[in-house]
Amino acid sequence: MIEKRIDVNGEELVLDSSGALWWPRERMLVFADMHFEKGSFYAFSGQMLPPYDTRTTLRRVSAAFDFYKPALAMALGDSFHDRDAHNRLDEFERAQLADLGTRADWIWISGNHDPALPEWVPGRIADEVAIGNLVFRHEPSGYIGRGEIAGHLHPCKTVNRRGQSLRRRCFASDGLRLVMPSFGAYTGGLDVRDAALRSLFPRDFLAYVLGRARVYAVAA
Amino acid sequence: MLQPVFPAPALPAVFADWFAARGWAPRPHQLALIAHAQAGESALLIAPTGGGKTLAGFLPSLIDLAATPKRARKPALHTLYISPLKALAVDVARNLETPVAEMSLPIRVETRTGDTPPGRRQRQKYSPPDILLTTPEQFALLLSSRDARRFFENVQAVVLDELHAMHNSKRGDLLSLGLARLQELAPKHRRIGLSATVADPKPLQRYLVPQPMSGEALSALVIGKPGANPKISILASESYVPWAGHLARHTMPEILAAMKRATTTLVFVNTRSQAERTFQELWRINDDNLPIALHHGSLAPEQRRKVEAAMTRGALRGVVCTSTLDLGIDWGAVDQVICVGAPKGAARLVQRIGRANHRLDEPSNAMLVPSNRFEVLECEAARDAVLAGELDGEPLRQGGMDVLTQHILGAACSAPFDADALFKDVKSASPYRNLSRTDFDAAVDFVATGGYALKRYDRYAKLRKTPEGLWRVAHPRIAQQYRLNVGVIIEDPMIDIRLQSKGRPTGAGGRVLGKLEEYFVENLTPGDTFVFSGDVLRFEGIHENAAFVTRTNDPEAQIPSYNGGKFPLSTFLAMRVREMLSDPRQWKRLPHPVGEWLEIQQLRSKIPDSSELLVETFPRGSKNYLVCYPFEGRLAHQTLGMLITRRLERLRMRPLGFVANEYALAVWALRDMSGVDMDALFSEDMLGDDLDAWLAESALYKRTFRNCAIVSGLIERRGIGTEKTGRQVTFSSDLIYDVLREHEPDHILLRATYEDAATGLLDIGRLSGALTRVKGNITARALERVSPLAVPALLEISKEMVAGEAHEDILHEAEESLVAEAMAVD
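Residues numbered from 1 in each chain as written. Chains lettered and ligands numbered in written order. Predicted model: local features only at pLDDT ≥ 70, side-chain atom pairs only at ≥ 80, totals over all residues. Heavy atoms only, no water.

Considering the overall build of chain B
Phase 1: In terms of helices and strands, chain B carries 31 helices and 27 strands.
Phase 2: Relative to the 2.2 N^0.38 estimate, which gives 28 Å for 826 residues, the radius of gyration of chain B is 28 Å and therefore close to what a compact globule would have.
Phase 3: Among the 826 residues that make up chain B, the fraction classed as buried is 58%.
Phase 4: Sequence-distant contacts in chain B: of pairs separated by 6 or more residues, those separated by 24 or more amount to 73%.
Phase 5: For chain B, the computed accessible surface area is about 33600 Å², with 52% contributed by carbon and sulfur atoms. (Helix = DSSP H or I, 4+ residues; strand = E, 2+ residues; numbered from the N terminus. Rg over C-alpha atoms; globule rule 2.2 N^0.38 Å. Buried < 20%, exposed > 50% of the residue type's maximum accessible area, 1.4 Å probe, protein only. Contact = heavy atoms within 4.5 Å. Areas by Shrake-Rupley, 256 points an atom, 1.4 Å probe, with all protein chains shown as cover.)

Considering empty space enclosed by the protein
Residues and elements named next belong to chain B.
Phase 1: Throughout the structure, instances matching the rule amount to seven cavities of 30 Å³ or more.
Phase 2: Empty space within the largest cavity amounts to approximately 160 Å³.
Phase 3: Lining the largest cavity we find 15 residues, and of these Leu-409, Lys-462, Gln-481, Tyr-482 and Glu-716 sit closest to its centre.
Phase 4: Residues belonging to the lining of the largest cavity are distributed by class as follows: five nonpolar, seven polar and three charged. (1 Å grid on protein atoms, 1.4 Å probe; cavity = no way out; pocket = protein on both sides within 12 Å on 5 of 7 lines; lining within 4 Å. Points joined across faces, edges and corners; volume = space filled by probe spheres on them. Nonpolar A, V, L, I, M, F, W, Y, C, P; charged D, E, K, R; others polar.)

Re the side chain of His-138 of chain A
Residue and element names in this part refer to chain A.
Phase 1: Checked against the element boundaries, His-138 lands in the loop between strand 9 (134-137) and strand 10 (147-150).
Phase 2: Judged by relative accessible area, which is 4%, His-138 ranks as buried.
Phase 3: Within the structure, His-138 has its side chain in polar contact with the side chain of Asp-78 (distance 3.1 Å).
Phase 4: A distance of 3.1 Å separates the side chain of His-138 from the side chain of His-152, its partner in a polar contact.
Phase 5: Residues contacting His-138, with those up to four places away along its chain left out, are Asp-33, Leu-76, Gly-77, Asp-78, Ile-109, Ser-110, Gly-111, Asn-112, Ala-150, Gly-151 and His-152. (Polar contact = N/O pair within 3.5 Å; in protein donor to acceptor, adjacent residues only side chain to side chain.)

Description of the interface of chain A and chain B
Phase 1: On the side of chain B, 42 residues touch chain A, which itself brings 50 residues to the contact.
Phase 2: The interface formed by chain A and chain B holds four salt bridges in total.
Phase 3: Here Arg-456 of chain B ties to Asp-90 of chain A by a salt bridge, and the two come within 3.0 Å at their closest N and O atoms.
Phase 4: Inspection of the chain A/chain B interface yields 13 residue pairs in polar contact (both at pLDDT 80 or more).
Phase 5: Where the side of chain A that touches chain B is concerned, the elements lending two or more residues are helix 1 (38-41), helix 2 (53-68), strand 11 (155-161), strand 12 (164-173), strand 15 (206-210) and strand 16 (215-219) of chain A. (Salt bridge = Lys/Arg side-chain N within 4 Å of Asp/Glu carboxyl O.)

Focus: the packing of helix 1 (residues 13-21) of chain B against helix 3 (residues 53-67) of chain B
Residues and elements named next belong to chain B.
Phase 1: Helix 3 packs onto helix 1 with a crossing angle of 140 degrees between their chain directions and a minimal axis gap of 10 Å. Comparing their axes, helix 3 and helix 1 come out oblique. In this structure, helix 1 uses Phe-15, Trp-18 and Phe-19 to contact helix 3, whose residues at the interface are Leu-55, Leu-59, Leu-62, Ile-63 and Ala-66.
Phase 2: Tallied by class, the residues present in the contact of helix 1 with helix 3 amount to eight nonpolar, no polar and no charged. (Axes fitted to C-alpha atoms, helices over the stretch in contact; angles between N-to-C directions. Parallel < 35°, antiparallel > 145°, perpendicular 65-115°, else oblique.)

A word on the packing of aromatic side chains
Residue and element names in this part refer to chain B.
Phase 1: Evaluation of the coordinates by the stated rule reveals 35 aromatic pairs over all chains.
Phase 2: For the ring pair Trp-243 and Trp-597, a centre distance of 6.3 Å and an interplane angle of 90 degrees mean the geometry is edge-to-face. You can see Trp-243 sitting in the loop between strand 8 (231-234) and helix 11 (252-261) and its partner Trp-597 sitting in helix 22 (residues 592-604), a full 354 residues away along the chain.
Phase 3: For Trp-243, a relative accessible area of 34% gives the class partly exposed.
Phase 4: Aromatic pair Tyr-701 and Tyr-737: ring centres 6.0 Å apart, planes at 75 degrees, arrangement edge-to-face. Linking Tyr-701 in helix 26 (residues 699-711) with Tyr-737 in helix 27 (residues 726-743), this pair joins segments that are 36 residues apart in sequence. (Phe/Tyr/Trp six-rings, centres within 6.5 Å; stacked < 30°, edge-to-face > 60°.)

Quick notes on unusual backbone geometry
All names here are of chain A.
Phase 1: Its identity is not glycine, yet Arg-27 carries a phi of approximately 50 degrees, on the positive side.
Phase 2: When you line up the elements, Arg-27 lands in the loop between strand 3 (21-23) and strand 4 (28-31).
Phase 3: Look at Glu-37: it is not a glycine, yet its phi comes out positive at around 65 degrees.
Phase 4: Within the secondary structure, Glu-37 is located in the loop between strand 4 and helix 1.
Phase 5: When its relative accessible area of 0% is taken as the criterion, Glu-37 is described as buried.

Topic: the sheet that holds strand 4 (residues 131-134) of chain B
Residues and elements named next belong to chain B.
Phase 1: The strand order across the open sheet formed by seven strands is 3-4-2-5-6-1-7, and the pairing between neighbours is parallel. Each edge of the open sheet carries a strand with a single partner, namely strand 3 (109-112) and strand 7 (220-223). Mean inter-strand twist for the sheet, computed between neighbouring axes without regard to direction, equals 20 degrees.
Phase 2: When strand 1 (residues 43-46) meets strand 6 (residues 190-195), the two strands line up parallel, connected through four bridges. Counted as the bridge partner of Leu-45 is Leu-194 from strand 6.
Phase 3: Along the sheet, helix 9 (residues 170-185) contacts strand 2 (79-82), strand 5 (157-160) and strand 6; its crossing angle with strand 5, the most-contacted strand, is approximately 170 degrees. (Pairing = 2+ DSSP bridges.)

Brief notes about the pattern of salt bridges
Phase 1: All chains considered together, the criterion is met by 61 salt bridges over all chains.
Phase 2: Across the pair Glu-540 of chain B and Arg-538 of chain B runs a salt bridge, and its minimum N-O distance is 2.9 Å.
Phase 3: For Glu-632 of chain B, the salt bridge is made with Arg-578 of chain B, and the minimal N-O distance between the two is 3.9 Å. Separated by 54 residues along the polypeptide, Glu-632 of chain B in the loop between strand 22 (623-628) and helix 23 (634-650) and Arg-578 of chain B in helix 21 (residues 571-581) bring together distant segments of the chain. Taken as a pair, Glu-632 of chain B and Arg-578 of chain B share a single burial class, namely buried.
Phase 4: Taken together, the salt bridges that share partners define one network made up of Glu-37, Arg-55, Asp-90 and Glu-93 of chain A together with Arg-456 of chain B.

Describing helix 6 (residues 136-143) of chain B
Phase 1: Of all eight residues in helix 6 of chain B, eight are buried, a share of seventy percent or more.
Phase 2: Residues of helix 6 of chain B that are buried: Pro-136, Glu-137, Gln-138, Phe-139, Ala-140, Leu-141, Leu-142 and Leu-143 of chain B.

Brief notes about the nonpolar core
Residues and elements named next belong to chain B.
Phase 1: Core analysis: the largest hydrophobic core is formed by 97 residues, its most contacted members being Leu-404, Ile-408, Phe-440, Leu-463, Leu-640, Phe-682 and Leu-714.
Phase 2: Sorting elements by how many residues they give to this core places helix 16 (residues 401-414) first, with eight residues.
Phase 3: Structurally, this core is a two-domain feature, drawing no fewer than three residues from each of domain 1 (13-223) and domain 4 (605-698 + 762-809).
Phase 4: Setting aside chain neighbours within four positions, we find Leu-404 in contact with Leu-177, Val-426, Tyr-432, Leu-435, Phe-440 and Ala-443.
Phase 5: By size, the runner-up hydrophobic cluster in this structure holds 62 residues, among which are Ile-232, Leu-316, Trp-331 and Ala-346. (Core = buried A, V, L, I, M, F, W, Y, C linked by side-chain atoms within 4.5 Å. Domains from an automatic or database assignment.)

Quick notes on the sheet that holds strand 3 of chain A
Residue and element names in this part refer to chain A.
Phase 1: With mixed pairing, seven strands are arranged side by side in an open sheet as 1-2-3-4-5-6-7. Lying at the two open borders of the sheet, with one neighbouring strand each, are strand 1 (4-8) and strand 7 (124-126). Going from strand to strand, the sheet's axes swing by 25 degrees on average, the running direction of each strand aside.
Phase 2: Judged from the five bridges that link them, strand 1 and strand 2 (residues 11-15) form a sheet pairing that is antiparallel. Counterpart to Ile-6 in the pairing with strand 2 is Leu-13.
Phase 3: Contacts from helix 2 reach strand 2, strand 3, strand 4, strand 5 (72-75) and strand 6 (105-109) within the one sheet, and its direction differs from that of strand 4 by about 160 degrees.

This is a description of form; function is not addressed.
Shown next as structure tokens:
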């Protein structure tokens, strides 16, 4: 495994190819935009997508736990796809979540999809959190005072080479701000060249593209 | 030839007079169909074009309708005609007007296609015409309406046109299920199938009639008098035959000269990009300004209609076209067909040749233009087969499960159904005659709640059981959704190409030239040039779901390799090519460069006999090559390439890449592969775990899954009032695929995907057959340098490496280019 370490506002962070962020000094793992039960949300309108996205997402969280053994885990908002999503988790998935709660402290940041997080999630609930030189919040802010880690935009990057085209999730960063890829199994993405993302970075920024077992830095 | 078993029926006087007035006599096959119809029997008519085939299909209905005065019958649909092309339905309706008008028959003929205005559709429902001409999709829509029974219950006859082109496809599956439903609504109707010559008529005869629970039923068979044998020439130079490529640029002057000699010529090519390039090359030398047009599936519909209308008027001397004109309206003026490139199959060639000369007794004129050495062999083999009257039969597919789920939902939209009765109906359709009850129930379960082991969607079920035990749709909205998404034709996501004036900002206005695959456009960067719609265009950028281009004079255009028309070489023709190759006596009739090429191959390596697999290894440059020649078509070779590179990787040969064409597969690696146990390398067990591991991440396989997911309605193409762009659908279907595969690898949709891929994009079925065939019959040759036979494959390496399979290497390269940029010291 080739680690991708980057510096955001003086803090050294590791970008994991699963889309998680690892902060070695704090022994902290961050997951953005997990969108639990996005699949079952569509059943209301008659689309019966495989109802397993939450399980897959939680299994991937658990795999990251196995590798990094975090002391602290953070969900960076939009962890639940809609206000009713937490009611649709079944016993198996609640047990998966409870298990993760026993393996690290958790902080749940609320997002626009889950402004009112259920009280039974393991750990604390917050709107934003500042640690060291970094602020963690769901939506990137317009003004940036210090280093910011955010989600919300689901960045993706399309790489074209040799007549082939590959579209993957990515981190986007200019060294001051980092926008994380969405972690949920059914979450799509927004191209890094989209104005909503570009406007966050006054200078050049890089896309850190998620590969199969490593992260590749490419021009955004 | 099969003669009618009845005495030839006497034509009613009005019909006999009409034939006589035109100076015609009814043809034997027309009379045979009338006899079968009067006995209430279904029949398949096989006849060449120009044999009065369409009229034969309608004569029994016209006679029947003419016998009953209009006042004596209530307005009801009598005959339903279904064609794969809506243009054909419209054209046939127009042609049918002539006898109806000339005999003053009290018969109303109407069409119903996607273009029919809503007002007329509405009226057709309440006041149906006597004869309705339509497409399989419109037929499915009509069947799903709540008054389907009233609309169809009086149907006496169904005419299925171009049945050979429909029966063995997903559209054929959908149509067969529709016919099974019609059988229930109008149990007494009879069917007529119209078909071009096929290798084996049995599957079509079976398709035409309801199948019993055990055994099989066949329709009657009527074979029309065959046309005169065609005259087929092959244009191949004695001095120069290219090693590879598909453009045949060196033959353009001769093609143009042949066009000048004929009245009207159809120039067939295999892909849209070849059509563009051929059209360009012809016009480059067209000093007499011969009116030559271009026709392919990416051009804007209005533009295609314009070309077709000009053909009908006789205003054109030639059209460069793809398979879009394989079927369709008869143009009497066409007297020559030129096929550039590989024929791919004998039946396809017959079909294309048949587009010239619609008078039966005169031979059609055709010229084959091979564009490289292997194609010379293929053209010779195809000509032999056509002249010997031998055609390639394609393997019969089983009815698709995704199509079945669509049909089940359609049935529920029409009226609550009883599962036992519907199962029986479905089994009577020949593509589904082997369907098990378990699979049928799984399909119903899928429609109702997604068919998952985890029962989470019961309260959102689309189908619910009534107290009487019937399945009904849970909400009218579901029926509305179904009607928006009916049909099984899934096109690659396309994007409009708009032409804007130079110097104007991208996105400002511009006329639509046509559509191109989104993935092709996404690979362009502003400034790239490509040929489209007969012009060299410069890509300016994408703006709001359209690609904007300007005209340019750049002669060195980057040619689009956009998809379309990539049929693989047929198994039958491949066999004939292999036989010709292995018989040196036959080389004498080949052009000199081709004969010489084979002789040196024999000297330097080996000419494989018709059942063995030759595997050559040799070093070249800094790499080591392995080239094998299965002759199983590009798709099967690509799959083989994927699988054996995995194995070579495990053997630590460090494979770097591969390239596949119709005849061969070439793999290159860092290590010398001559010591590899070839029997083990090509062993059938690669279709087990290796295949499974590859399918988990194959982009081609995911594309197949996407199609099945759309056809089955798991993913909707169109919501009420919206159409999802292809990109949205593609992206989410990949995510769904990953999750479903992790939790329910045996889900009905994954099984449907596998069955589709096995005959479609991955051609696993054919690969499996080939591996079985060559078992114990593999000849390995370790050579010092490249062999003559290997050259064509190696020449293709610089082009697209592995079509459609994006490799992670490109991320590597992208990162390296960033590093290089960063580290450059200017």
